[in-house]
Amino acid sequence: MGNRVKGRPKKKSIKAALSSSVGSERKLSRMGKKQKKRHAGLEATFIGRSKCLKMLQVTLKDFRRLCILKGIYPRQPHGRVPGNKKGQSFYHIKDIKAIAHEPVLEKFREYRAFMKKVRRAAGRNEREEALRRNETVPTYTLNHLVKERYPRFQDALADIDDALTLTFLFAALPADRGIATKVTSKAKNLAAAWGAYCATTCSITKSFISVKGVYIESLIQSVPVRWVIPHSFTQHLPTDVDYRVMMTFFEFYETLLDFVIYKLYSDIGLRYPFSIKDLGREIVGSTSAILGANLQALTNVLQSSGSIRNVVAESVQKDAATKTNQTLPSVADEKTETKKLLENVDKALKSIASSGGDQEDVDEEEEVEVDVSGPLKVALDEIAQERNRAIVPGSKVELDDDALKRKRLFQGLTFYLSREVPRGYLELVCLAYGGKVGWDGEHSLVAVDDPAITHHIVDRPKLLSSYNKLPKSREFVQPQWILDCANFMFLLPVERYVVGSTLPPHLSPWVDDDEEGYKPAYAEEIEKLKNGETIDRDVEQSTAIVESAGAAADDGAKEATASSADGEQEEDVAKEQPEDDDQEPEQDDDDDDDHHDSDDNKRRKKQKLEKQREKEEKEAHELAKTMMSRKAANLYGKMQYGLARKQEKVDNLHRRRKEIGGSSSSGEKKGDAAASGGKTVLKQKVERLKKERKDIEATYDNTGGTTRKKRRSS
């Protein structure tokens, strides 16, 4: 018991506060331990970059690389800022702890120590030692990071947009300013492998040419993937871009794309990457050349894999035949037999069709045989459809229904690209929609004078004289025709895309016209063509001018008010004039007047009912607004403001469309607008801007202010 006496109260601890009536242990158990400053709360959860560098013991360059590879970005805490440090970037403590246990961090430290040894040997002029150490450079892989960041394949596909865009950018950049040649060549190979897969599987769904580049979207396993292909121009590298950060991103994206492309090629039964034997030669040069080689290699490998399957099937059948003592035909013999059978069926169908109208006296059995032609045609169509479903002849990988529709769009068409036309994305789109492509260069599968060419793609103001020697069976069109046909899934007429003509507007396939509330005139024209309607160009322009939604509504309201006012004036005049029985009008005029009066009365009654209905709806609307709460009223006001702005944009588009249509129609009718006194589009725009400025000045004048600058008195 010590100094403790039984029956006496326990003394307070020395560490307890004087005002406290409990001991330190009881106080700690009740109140908890007093935390030190910046050891809990936001200050401990979110830390700055300098503190991260101290915790990890790395340089700023390595810390940036680790954050990019791990996918860690700065976080902004909600509410107050830790330590009242506004404008500073913060990182979560859990992210920093994850970096601290990263194996790549250990490799960075090993590489740092390795470089110290190499520099020390080079500083001592120990060349052999430096070369020997240089061979033992530490290496690392990023495979575990890809598996960690993307556990499922669908996650990798959903986040591959930026990877493809950066890869196609590096494929177009020159090897300069820290960008190594192996980086650009690897980017070209990845871009070519991805493009070859999209073109072979017919997965490209949308494409659009913009100032930044060519936007392309493909549907891979029900996941839309969109990327940008730069234009084929000489790329000038700006000086204010940190290419080391871009190289770090590409380092991770390279591993990610290798994983994704390997999985996609494995699904269709191919091995990736292609060997030099599959490519036929070592491919160097532009992305288009590498893409063409990859496409050819992919087709050859698919066909060879199909032949390997046939050989395996033949061997299995032979083994089964030897066991059962039977002779089975080979797969090649079956193919030849089916081919002969199809030819005989075609001949029989032709003979039936030719002899059906001449013979009148036929037996019932023969009539039954003639009726077999319908089911035979259906069966042959099904066989052809099954063959078209295969990616290439001989492959067992089939396309879905949407991909099969895309493959049939350009089926039977052969395109030839002139040397001024960019080959990369046009070749992808043509092949993805079932066409054949040739180009002006080496390794082209189609010659320039081939009579099978249906469309010659030219991007010049006028045709060269050498094109007159070519066959007349081809159409000379501009490159936009291919993309517009692919976006609308319809073979458009080539009259508006011929060489030297003004192209129609290139509409974006990602704009939803129903959601925007405005449909361009060219989209309406294409929709009519799809429905089988014939379009007259003059009538179409006149209707585009007159029937614009916003202007038509205003004009209709004005005409309605004017007609009602005229009707009231006519009634007043009719009341004031005395009736004259002696006056006898003509019979035809009397009938017309009666018919006209009845139409006017019906129109007035209809307008009166519409005004009454609008008035009732407006009163009910105002009453409903008064019954709303303040929160609901504010939300409703914001919604109406957004709808009003959207409608204002639509009305502006209709007004511009009317102005452009009016100027183009006047130009076609009168020739030169300036010579005939008409107004061009630019002049109309200037007048519109002047009118808007005058309106603004008038509003300022009413408030007592002005927008005009005061002239200094000299």
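Residues numbered from 1 in each chain as written. Predicted model: local features only at pLDDT ≥ 70, side-chain atom pairs only at ≥ 80, totals over all residues. Heavy atoms only, no water.

A word on the overall build of the protein
Consideration 1: A count of helical and extended segments in the protein gives 28 helices and nine strands.
Consideration 2: Counting over 714 residues, the protein shows a buried share of 29%.
Consideration 3: Sequence-distant contacts in the protein: of pairs separated by 6 or more residues, those separated by 24 or more amount to 61%.
Consideration 4: Carbon together with sulfur atoms contributes 52% to the accessible area of the protein, which is approximately 48,800 Å² in total. (Helix = DSSP H or I, 4+ residues; strand = E, 2+ residues; numbered from the N terminus. Buried < 20%, exposed > 50% of the residue type's maximum accessible area, 1.4 Å probe, protein only. Contact = heavy atoms within 4.5 Å. Areas by Shrake-Rupley, 256 points an atom, 1.4 Å probe, with all protein chains shown as cover.)

With respect to the pattern of salt bridges
Consideration 1: Scanning the entire structure with this criterion turns up 20 salt bridges.
Consideration 2: Here Arg-65 makes a salt bridge to Glu-251, at a shortest N to O gap of 3.6 Å. Of this pair, Arg-65 sits in helix α4 (residues 60-70) while Glu-251 sits in helix α12 (residues 243-267); the two residues are 186 residues apart in sequence, bridging distant segments of the chain.
Consideration 3: Overall, the relative accessible area of 22% leaves Glu-251 in the partly exposed class.
Consideration 4: As a salt-bridge pair, Lys-519 and Glu-527 come within 2.1 Å of each other at their nearest N and O atoms.
Consideration 5: Counted as one network, the salt bridges with shared partners bring together Lys-70, Glu-102 and Glu-148. (Salt bridge = Lys/Arg side-chain N within 4 Å of Asp/Glu carboxyl O.)

A look at helix α5 (residues 93-100)
Since there are 3.6 residues in each turn of an α-helix, residues three or four apart along the chain are aligned in direction.
Consideration 1: Residues Ile-93, Asp-95, Ile-96 and Ile-99 constitute the buried set of α5. End-on view of α5: buried residues confined to an arc of 160°, all on one side of the axis. α5 presents Lys-94 and Lys-97 as exposed residues on the side facing more than 90 degrees away from its buried surface.
Consideration 2: On its buried side, α5 packs onto α2 (42-45), β1 (46-48), α3 (49-56), α4, β2 (90-92) and α6 (103-123). (Arc of directions from axis to C-beta.)

Here we look at the sheet that holds strand β6 (residues 414-417)
Consideration 1: Reading across from one edge, β7-β6-β8-β9 is the order of the four strands in this open sheet, with parallel pairing throughout. Each of the sheet's edge strands pairs with one partner strand only, and the pair in question is β7 (436-439) and β9 (475-477). Across this sheet, the average inter-strand angle for adjacent strands is 25°, counted without regard to direction.
Consideration 2: On the sheet, helix α19 (residues 423-432) packs against β6 and β7 and is oriented at approximately 155° with respect to β7. (Pairing = 2+ DSSP bridges. Axes fitted to C-alpha atoms, helices over the stretch in contact; angles between N-to-C directions.)

Description of α6
Consideration 1: Under the 1.5 Å per step criterion, the end-to-end length of α6 is 31 Å for 21 residues, consistent within 8% with the ideal 30 Å.
Consideration 2: Among all positions in α6, only Val-104, Leu-105, Phe-108, Phe-114, Val-118 and Ala-121 are buried.
Consideration 3: On its buried face, α6 sits against α4, α5, α7 (127-134) and α8 (143-149).
Consideration 4: Just downstream of α6 lies Asn-125, where phi reads positive at about 60°. (Expected span 1.5 Å × (residues − 1).)

Side note on the packing of helix α11 (residues 181-200) against α12
Consideration 1: Between α11 and α12, whose axes approach to 11 Å, the crossing angle comes to 35°. As for how α11 packs across α12, the hand of that crossing is left-handed. Here Val-183, Lys-186, Ala-187, Leu-190, Ala-193, Trp-194, Ala-196 and Tyr-197 of α11 come into contact with α12, specifically with Met-247, Phe-250, Glu-254, Leu-257, Asp-258, Val-260, Ile-261, Leu-264 and Tyr-265.
Consideration 2: Of the residues assigned to the contact of α11 with α12, the class counts are 14 nonpolar, no polar and three charged. (Left-handed = near helix turned anticlockwise from the far one by under 90°. Nonpolar A, V, L, I, M, F, W, Y, C, P; charged D, E, K, R; others polar.)

Comments concerning the nonpolar core
The tendency in soluble globular proteins is for nonpolar side chains to be buried as a group.
Consideration 1: Among the nonpolar cores identified, the biggest contains 101 residues, and Trp-194 and Ile-482 are the most heavily contacted of them.
Consideration 2: When residues no more than four places from it in sequence are discounted, the contact partners of Ile-482 are Phe-410, Phe-415, Leu-426, Val-429, Cys-430 and Ile-457. (Core = buried A, V, L, I, M, F, W, Y, C linked by side-chain atoms within 4.5 Å.)

What to know about the packing of aromatic side chains
Where two aromatic rings form a pair, the distance of their centres and the angle of their planes describe that pair.
Consideration 1: Here the structure, examined in full by the defined rule, presents 16 aromatic pairs.
Consideration 2: Centre to centre, the rings of Tyr-111 and Phe-114 are 6.1 Å apart; their planes meet at 40°, and the pair counts as tilted. On the criterion of helical spacing, the pair formed by Tyr-111 and Phe-114 is a turn pair, its members being three residues apart in helix α6.
Consideration 3: Tyr-111 sits in the partly exposed class, given a relative accessible area of 40%.
Consideration 4: What links up through ring pairs into an aromatic cluster is the set Tyr-150, Phe-249, Phe-252 and Tyr-253.
Consideration 5: The ring of Phe-153 has Lys-263 sitting right over it, with the charged end atom 5.0 Å from the ring centre.
Consideration 6: The ring centre of Trp-439 lies 3.6 Å from the NZ or CZ of Arg-423, which sits over that ring. (Phe/Tyr/Trp six-rings, centres within 6.5 Å; stacked < 30°, edge-to-face > 60°. Lys NZ or Arg CZ within 6 Å of the ring centre and 35° of its normal.)

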